[in-house]
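A closer look at the structure
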Amino acid sequence: MGNGQVAFFQGKFVPIEDAKVPITTHAIHYGTAVFEGIRGNWNAEQGKSFIFRPFEHYRRLLQGSSFLRMSLPYSAEDLVSLSIELLERNHFKEDVYIRPLAYKSAPKVANLKLHELEDDIAIMAVPLGNYLANDTLKCMTASWRRIEETMIPARLKISGVYVNSILAKTDAALSGCDEAIFLDSSGHAVEGSGENLFMVKHGRLITPPESDSILEGITRDSVMELARNELHLEIEERPIGRAELYLADEVFLTGTAAHVTGVAELDHHQIGNGETGPITAAMRDLYKSIIQGKVSKYLHWCAAAIPERLAIN
Ligand code: PMP
(Lines give C-alpha, C1' and ligand atoms only; values in the text may rest on other atoms or scores of the structure.)
Protein backbone atom coordinates (compact mmCIF):
# COMPACT_ATOMS: atom_id res chain seq x y z
CA MET A 1 0.00 0.00 0.00
CA GLY A 2 1.33 3.44 -0.85
CA ASN A 3 1.12 6.60 1.25
CA GLY A 4 -0.95 8.36 -1.42
CA GLN A 5 1.94 10.63 -2.46
CA VAL A 6 2.87 11.25 -6.05
CA ALA A 7 6.12 12.03 -7.83
CA PHE A 8 6.80 13.36 -11.31
CA PHE A 9 8.53 10.49 -13.09
CA GLN A 10 9.12 9.67 -16.75
CA GLY A 11 6.97 12.57 -17.91
CA LYS A 12 3.94 12.12 -15.65
CA PHE A 13 2.70 12.12 -12.07
CA VAL A 14 2.68 8.60 -10.63
CA PRO A 15 2.29 7.11 -7.14
CA ILE A 16 5.72 7.56 -5.53
CA GLU A 17 6.09 3.83 -4.92
CA ASP A 18 5.88 3.27 -8.70
CA ALA A 19 8.75 5.70 -9.46
CA LYS A 20 11.45 3.05 -9.80
CA VAL A 21 14.55 2.69 -11.96
CA PRO A 22 16.43 -0.48 -12.97
CA ILE A 23 19.67 -1.41 -11.17
CA THR A 24 21.53 -0.95 -14.50
CA THR A 25 20.79 2.81 -14.45
CA HIS A 26 24.03 4.70 -15.17
CA ALA A 27 23.47 7.34 -12.46
CA ILE A 28 23.36 4.72 -9.70
CA HIS A 29 26.77 3.40 -10.69
CA TYR A 30 28.60 6.66 -11.33
CA GLY A 31 26.71 9.52 -9.67
CA THR A 32 25.97 10.97 -13.12
CA ALA A 33 23.07 13.11 -12.01
CA VAL A 34 22.40 16.64 -10.84
CA PHE A 35 19.87 17.56 -8.23
CA GLU A 36 18.33 20.49 -6.41
CA GLY A 37 16.98 21.03 -2.94
CA ILE A 38 14.11 23.52 -2.93
CA ARG A 39 11.93 24.44 0.01
CA GLY A 40 8.16 24.66 0.07
CA ASN A 41 7.30 26.65 3.21
CA TRP A 42 3.81 26.21 4.63
CA ASN A 43 2.02 29.41 5.63
CA ALA A 44 -0.94 28.29 7.74
CA GLU A 45 -2.62 31.75 7.90
CA GLN A 46 -2.74 32.01 4.13
CA GLY A 47 -3.32 28.28 3.45
CA LYS A 48 -0.48 28.26 0.90
CA SER A 49 3.00 26.88 0.49
CA PHE A 50 5.61 29.31 -0.70
CA ILE A 51 8.33 27.80 -2.87
CA PHE A 52 11.47 29.89 -2.40
CA ARG A 53 13.31 31.15 -5.50
CA PRO A 54 12.36 28.13 -7.65
CA PHE A 55 13.50 29.73 -10.93
CA GLU A 56 17.03 30.18 -9.58
CA HIS A 57 17.10 26.56 -8.42
CA TYR A 58 15.90 25.28 -11.78
CA ARG A 59 18.31 27.48 -13.71
CA ARG A 60 21.17 25.97 -11.67
CA LEU A 61 19.77 22.47 -12.30
CA LEU A 62 19.58 23.10 -16.05
CA GLN A 63 23.15 24.42 -16.09
CA GLY A 64 24.28 21.24 -14.34
CA SER A 65 22.29 19.02 -16.63
CA SER A 66 23.70 20.61 -19.77
CA PHE A 67 27.21 20.37 -18.27
CA LEU A 68 26.59 16.61 -17.96
CA ARG A 69 25.40 16.66 -21.58
CA MET A 70 21.78 15.99 -20.84
CA SER A 71 19.02 17.35 -23.05
CA LEU A 72 15.92 17.72 -20.94
CA PRO A 73 12.72 18.76 -22.73
CA TYR A 74 11.76 21.29 -20.02
CA SER A 75 12.46 24.97 -19.39
CA ALA A 76 12.95 26.41 -15.89
CA GLU A 77 9.39 27.76 -16.17
CA ASP A 78 8.02 24.27 -16.99
CA LEU A 79 9.85 22.79 -14.00
CA VAL A 80 8.54 25.48 -11.64
CA SER A 81 4.97 24.76 -12.83
CA LEU A 82 5.50 21.03 -12.32
CA SER A 83 6.80 21.67 -8.80
CA ILE A 84 3.75 23.75 -7.90
CA GLU A 85 1.53 21.00 -9.30
CA LEU A 86 3.48 18.39 -7.33
CA LEU A 87 2.84 20.17 -4.02
CA GLU A 88 -0.81 20.72 -4.89
CA ARG A 89 -1.36 17.09 -5.92
CA ASN A 90 0.22 15.94 -2.64
CA HIS A 91 -1.94 18.37 -0.61
CA PHE A 92 1.01 19.16 1.66
CA LYS A 93 0.19 21.39 4.63
CA GLU A 94 3.66 21.42 6.17
CA ASP A 95 7.20 22.44 5.24
CA VAL A 96 8.57 20.28 2.46
CA TYR A 97 11.78 19.72 0.58
CA ILE A 98 11.43 19.40 -3.18
CA ARG A 99 14.02 17.22 -4.86
CA PRO A 100 14.36 17.38 -8.63
CA LEU A 101 16.85 14.84 -9.95
CA ALA A 102 18.10 14.94 -13.54
CA TYR A 103 19.92 11.69 -14.14
CA LYS A 104 21.57 9.52 -16.74
CA SER A 105 18.83 6.94 -17.06
CA ALA A 106 20.64 4.84 -19.69
CA PRO A 107 20.86 1.15 -18.65
CA LYS A 108 24.53 1.11 -19.65
CA VAL A 109 26.98 0.08 -16.96
CA ALA A 110 30.14 0.03 -19.06
CA ASN A 111 29.98 3.34 -20.91
CA LEU A 112 31.76 6.45 -19.60
CA LYS A 113 30.81 8.76 -22.50
CA LEU A 114 28.21 11.24 -21.33
CA HIS A 115 27.10 12.12 -24.85
CA GLU A 116 26.04 8.51 -25.50
CA LEU A 117 23.79 8.21 -22.45
CA GLU A 118 20.07 9.01 -22.32
CA ASP A 119 18.70 11.05 -19.44
CA ASP A 120 15.50 11.90 -17.63
CA ILE A 121 14.25 14.06 -14.78
CA ALA A 122 12.15 13.16 -11.75
CA ILE A 123 10.74 15.51 -9.10
CA MET A 124 9.68 14.37 -5.66
CA ALA A 125 8.87 16.14 -2.40
CA VAL A 126 9.19 15.03 1.20
CA PRO A 127 8.08 16.70 4.44
CA LEU A 128 11.08 18.38 6.09
CA GLY A 129 11.08 20.53 9.21
CA ASN A 130 14.45 21.51 10.64
CA TYR A 131 17.35 19.96 8.75
CA LEU A 132 19.90 20.74 11.46
CA ALA A 133 19.14 19.28 14.87
CA ASN A 134 20.18 22.37 16.87
CA ASP A 135 19.48 26.11 16.70
CA THR A 136 23.16 26.88 17.24
CA LEU A 137 25.74 24.54 15.89
CA LYS A 138 28.75 22.69 17.14
CA CYS A 139 31.05 22.32 14.14
CA MET A 140 34.37 20.75 13.30
CA THR A 141 36.82 21.34 10.49
CA ALA A 142 36.51 18.44 8.07
CA SER A 143 39.58 16.28 7.69
CA TRP A 144 38.50 15.85 4.05
CA ARG A 145 39.35 18.77 1.75
CA ARG A 146 36.64 20.28 -0.45
CA ILE A 147 36.60 18.92 -3.95
CA GLU A 148 38.04 21.54 -6.31
CA GLU A 149 37.19 22.92 -9.71
CA THR A 150 40.18 21.11 -11.23
CA MET A 151 38.53 17.80 -10.23
CA ILE A 152 34.76 18.23 -10.55
CA PRO A 153 33.00 21.60 -10.43
CA ALA A 154 31.76 22.21 -6.89
CA ARG A 155 29.59 25.02 -8.26
CA LEU A 156 27.08 22.50 -9.67
CA LYS A 157 25.04 20.06 -7.62
CA ILE A 158 26.45 16.93 -9.23
CA SER A 159 25.32 13.83 -7.33
CA GLY A 160 28.72 12.11 -7.30
CA VAL A 161 30.34 15.19 -5.75
CA TYR A 162 28.18 14.72 -2.66
CA VAL A 163 30.21 11.74 -1.49
CA ASN A 164 32.75 14.43 -0.49
CA SER A 165 30.08 16.17 1.62
CA ILE A 166 28.76 12.89 2.98
CA LEU A 167 32.19 11.78 4.22
CA ALA A 168 32.62 15.06 6.09
CA LYS A 169 29.07 15.13 7.50
CA THR A 170 29.28 11.51 8.67
CA ASP A 171 32.59 12.17 10.38
CA ALA A 172 31.12 15.26 12.09
CA ALA A 173 28.05 13.35 13.29
CA LEU A 174 30.14 10.44 14.61
CA SER A 175 32.31 12.99 16.43
CA GLY A 176 29.28 14.51 18.17
CA CYS A 177 29.13 17.62 15.94
CA ASP A 178 26.24 19.09 13.97
CA GLU A 179 28.18 20.06 10.87
CA ALA A 180 31.59 19.97 9.18
CA ILE A 181 33.35 22.96 7.64
CA PHE A 182 35.56 22.26 4.66
CA LEU A 183 38.96 23.74 3.88
CA ASP A 184 40.15 23.90 0.28
CA SER A 185 43.64 22.75 -0.72
CA SER A 186 45.16 26.13 0.21
CA GLY A 187 43.68 25.85 3.70
CA HIS A 188 40.89 28.40 3.33
CA ALA A 189 37.60 27.66 5.04
CA VAL A 190 35.10 27.42 2.21
CA GLU A 191 31.72 25.95 3.15
CA GLY A 192 29.77 23.38 5.16
CA SER A 193 28.81 19.97 3.82
CA GLY A 194 25.54 21.47 2.57
CA GLU A 195 25.77 25.16 3.45
CA ASN A 196 27.66 28.32 2.59
CA LEU A 197 29.77 30.03 5.22
CA PHE A 198 29.64 33.58 6.61
CA MET A 199 31.46 35.33 9.41
CA VAL A 200 30.86 38.69 11.06
CA LYS A 201 33.82 40.79 12.22
CA HIS A 202 33.50 44.39 13.43
CA GLY A 203 30.02 44.63 11.92
CA ARG A 204 31.14 43.52 8.43
CA LEU A 205 29.91 40.38 6.73
CA ILE A 206 32.65 38.23 5.21
CA THR A 207 32.13 35.21 2.97
CA PRO A 208 34.39 33.22 0.63
CA PRO A 209 34.29 34.28 -3.04
CA GLU A 210 32.67 32.21 -5.76
CA SER A 211 36.14 31.38 -7.10
CA ASP A 212 36.90 29.44 -3.87
CA SER A 213 35.36 26.06 -4.90
CA ILE A 214 31.97 26.78 -3.39
CA LEU A 215 28.43 26.18 -4.49
CA GLU A 216 26.98 29.58 -5.34
CA GLY A 217 24.14 29.15 -2.90
CA ILE A 218 20.78 30.72 -3.51
CA THR A 219 20.46 31.33 0.24
CA ARG A 220 23.94 32.93 0.15
CA ASP A 221 22.80 35.23 -2.64
CA SER A 222 19.58 36.09 -0.75
CA VAL A 223 21.49 36.76 2.48
CA MET A 224 23.93 39.09 0.69
CA GLU A 225 21.08 41.04 -0.88
CA LEU A 226 19.28 41.31 2.48
CA ALA A 227 22.49 42.26 4.28
CA ARG A 228 23.02 45.14 1.85
CA ASN A 229 19.44 46.34 1.49
CA GLU A 230 17.85 45.64 4.86
CA LEU A 231 20.63 45.37 7.47
CA HIS A 232 22.86 47.92 5.68
CA LEU A 233 26.02 45.89 6.21
CA GLU A 234 29.20 46.01 4.23
CA ILE A 235 30.07 42.71 2.60
CA GLU A 236 33.52 41.42 1.80
CA GLU A 237 33.93 38.41 -0.48
CA ARG A 238 37.41 37.09 0.24
CA PRO A 239 39.17 33.90 1.34
CA ILE A 240 38.74 33.09 5.04
CA GLY A 241 41.52 31.56 7.14
CA ARG A 242 40.61 28.75 9.53
CA ALA A 243 41.66 30.60 12.67
CA GLU A 244 39.78 33.73 11.56
CA LEU A 245 36.62 31.76 12.21
CA TYR A 246 37.68 31.03 15.79
CA LEU A 247 38.22 34.76 16.35
CA ALA A 248 35.11 35.99 14.54
CA ASP A 249 32.33 37.85 16.35
CA GLU A 250 29.75 35.59 14.69
CA VAL A 251 29.79 32.68 12.24
CA PHE A 252 26.74 31.32 10.47
CA LEU A 253 25.85 28.83 7.76
CA THR A 254 23.24 29.29 5.03
CA GLY A 255 21.40 26.79 2.86
CA THR A 256 18.00 25.83 1.55
CA ALA A 257 17.72 22.98 4.05
CA ALA A 258 19.68 24.68 6.87
CA HIS A 259 18.18 28.21 6.50
CA VAL A 260 20.41 30.72 8.40
CA THR A 261 21.92 28.98 11.43
CA GLY A 262 24.53 30.29 13.87
CA VAL A 263 27.72 28.42 14.77
CA ALA A 264 28.43 28.42 18.51
CA GLU A 265 31.57 26.32 18.52
CA LEU A 266 34.20 25.23 16.01
CA ASP A 267 36.93 22.71 16.83
CA HIS A 268 36.28 23.31 20.57
CA HIS A 269 36.71 27.09 20.18
CA GLN A 270 33.71 29.09 21.33
CA ILE A 271 32.67 31.69 18.77
CA GLY A 272 31.66 35.07 20.17
CA ASN A 273 29.73 34.43 23.37
CA GLY A 274 28.74 30.93 22.23
CA GLU A 275 25.20 31.91 21.28
CA THR A 276 23.54 33.07 18.08
CA GLY A 277 24.93 36.58 17.52
CA PRO A 278 22.72 39.64 16.88
CA ILE A 279 23.43 39.94 13.14
CA THR A 280 22.89 36.21 12.63
CA ALA A 281 19.62 36.36 14.60
CA ALA A 282 18.35 39.37 12.62
CA MET A 283 19.20 37.67 9.33
CA ARG A 284 17.72 34.33 10.44
CA ASP A 285 14.40 35.94 11.41
CA LEU A 286 14.13 38.11 8.31
CA TYR A 287 14.97 35.18 6.02
CA LYS A 288 12.41 32.96 7.80
CA SER A 289 9.56 35.41 7.29
CA ILE A 290 10.53 36.02 3.66
CA ILE A 291 10.53 32.32 2.74
CA GLN A 292 7.08 31.95 4.29
CA GLY A 293 5.77 34.67 1.96
CA LYS A 294 5.22 37.13 4.82
CA VAL A 295 7.23 40.07 3.46
CA SER A 296 5.52 41.73 0.48
CA LYS A 297 8.76 43.39 -0.74
CA TYR A 298 10.26 39.93 -1.34
CA LEU A 299 7.16 38.07 -2.55
CA HIS A 300 8.70 38.02 -6.03
CA TRP A 301 11.14 35.41 -4.64
CA CYS A 302 8.25 33.04 -3.86
CA ALA A 303 5.89 30.90 -5.96
CA ALA A 304 2.68 29.86 -4.22
CA ALA A 305 1.15 26.38 -4.17
CA ILE A 306 -2.40 25.99 -2.85
CA PRO A 307 -3.21 22.49 -1.59
CA GLU A 308 -6.97 23.08 -1.88
CA ARG A 309 -6.76 24.02 -5.56
CA LEU A 310 -7.06 20.36 -6.57
CA ALA A 311 -9.98 18.50 -5.00
CA ILE A 312 -8.82 15.91 -2.50
CA ASN A 313 -9.65 12.47 -3.84
N1 PMP B 1 27.04 24.40 -0.34
C2 PMP B 1 26.72 23.10 -0.54
C3 PMP B 1 27.82 22.13 -0.69
C4 PMP B 1 25.37 22.70 -0.61
O5 PMP B 1 25.06 21.41 -0.83
C6 PMP B 1 24.36 23.66 -0.44
C7 PMP B 1 22.91 23.25 -0.46
N8 PMP B 1 22.37 23.31 -1.74
C9 PMP B 1 24.74 24.99 -0.23
C10 PMP B 1 26.08 25.33 -0.18
C11 PMP B 1 23.71 26.08 -0.09
O12 PMP B 1 23.08 26.30 -1.33
P13 PMP B 1 21.59 26.83 -1.43
O14 PMP B 1 21.52 28.03 -0.58
O15 PMP B 1 21.40 27.13 -2.86
O16 PMP B 1 20.71 25.74 -0.94
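These numbers were taken from a predicted model, which means no experiment stands behind them.

**Focus on the packing of aromatic side chains**
- Following the criterion strictly, the structure yields 7 aromatic pairs and no others.
- Judged by centre distance (5.9 Å) and plane angle (75 degrees), the rings of Phe8 and Tyr74 are edge-to-face. Highlighted residues: Phe8 in strand β1 (residues 6-9) and Tyr74 in the loop between α2 (54-67) and α3 (76-90), separated in sequence by 66 residues.
- Overall, Phe8 belongs to the buried group, its relative accessible area being 3%.
- Here Phe35 and Tyr162 contribute two aromatic rings whose centre-to-centre distance is 4.8 Å and whose plane-to-plane angle is 65 degrees, an arrangement assigned as edge-to-face. Taken together, the residues span a long stretch of sequence, with Phe35 in strand β3 (residues 33-35) and Tyr162 in helix α4 (residues 162-174) at a distance of 127 residues.

**Regarding the domain arrangement of the protein**
- Taken domain by domain, the protein comprises domain 1 (6-129) and domain 2 (136-291).
- If you average the C-alpha positions of domain 1 and of domain 2, the two centres end up 26 Å apart.
- Across the interface of domain 1 and domain 2, roughly 1700 Å² is buried in total on both sides, 65% from carbon and sulfur atoms.
- In terms of surface lost to domain 2, no three residues of domain 1 exceed Phe35, Phe52 and Arg60, which account for 37% of the buried area on that side.

**Quick notes on the packing of α2 against α3**
- In the contact formed by α2 and α3, the axes pass within 9 Å of each other and the chain directions differ by 125 degrees. By the angle between their axes, α2 is oblique relative to α3. Like other packed secondary-structure pairs, α2 and α3 cross with a definite hand, here right-handed. Counting all contacts with α2, which are made through Pro54, Phe55, Tyr58, Arg59, Leu61 and Leu62, the residues of α3 involved are Ala76, Glu77, Leu79, Val80 and Ser83.

Reading the values: rules and limits
- Residues take numbers from 1 onward in each chain, read along the sequence in its written order.
- Where local features are concerned, this predicted model is filtered to residues with pLDDT of at least 70; where side-chain atom pairs are given and counted, the filter is 80 or more; whole-chain, interface and lining totals use all residues.
- Based on all heavy atoms of the structure, the side-chain values leave hydrogens and waters out of the count.
- Each aromatic pair joins two rings of Phe, Tyr and Trp (for Trp, the six-membered one) with centres within 6.5 Å, and gets the label stacked for planes under 30 degrees apart, edge-to-face for over 60, and tilted for any other angle.
- In this description a helix means any DSSP run of H or I spanning at least four residues, a strand means any run of E spanning at least two, and both kinds are numbered starting from the N terminus.
- The rule is simple: take the accessible area with a 1.4 Å probe, protein chains only, and divide by the maximum for that residue type; under 20% is buried, over 50% is exposed, in between is partly exposed.
- Note: domain ranges come from an automatic or database domain assignment.
- Take the accessible area each of two parts loses on contact, using a 1.4 Å probe, and add the two losses: that sum is the buried area.
- The convention used is that axes are lines fitted to C-alpha atoms, helices contributing only their stretch in contact, and that angles between N-to-C directions extend from 0 to 180 degrees.
- Here roughly perpendicular refers to angles of 65 to 115 degrees, roughly parallel to angles under 35, roughly antiparallel to angles over 145, and oblique to all remaining angles.
- What makes a crossing left-handed is the near helix being turned counterclockwise from the far one by less than a right angle; a clockwise turn instead makes it right-handed.
- Contacts: residue pairs with any heavy atoms within 4.5 Å of one another.

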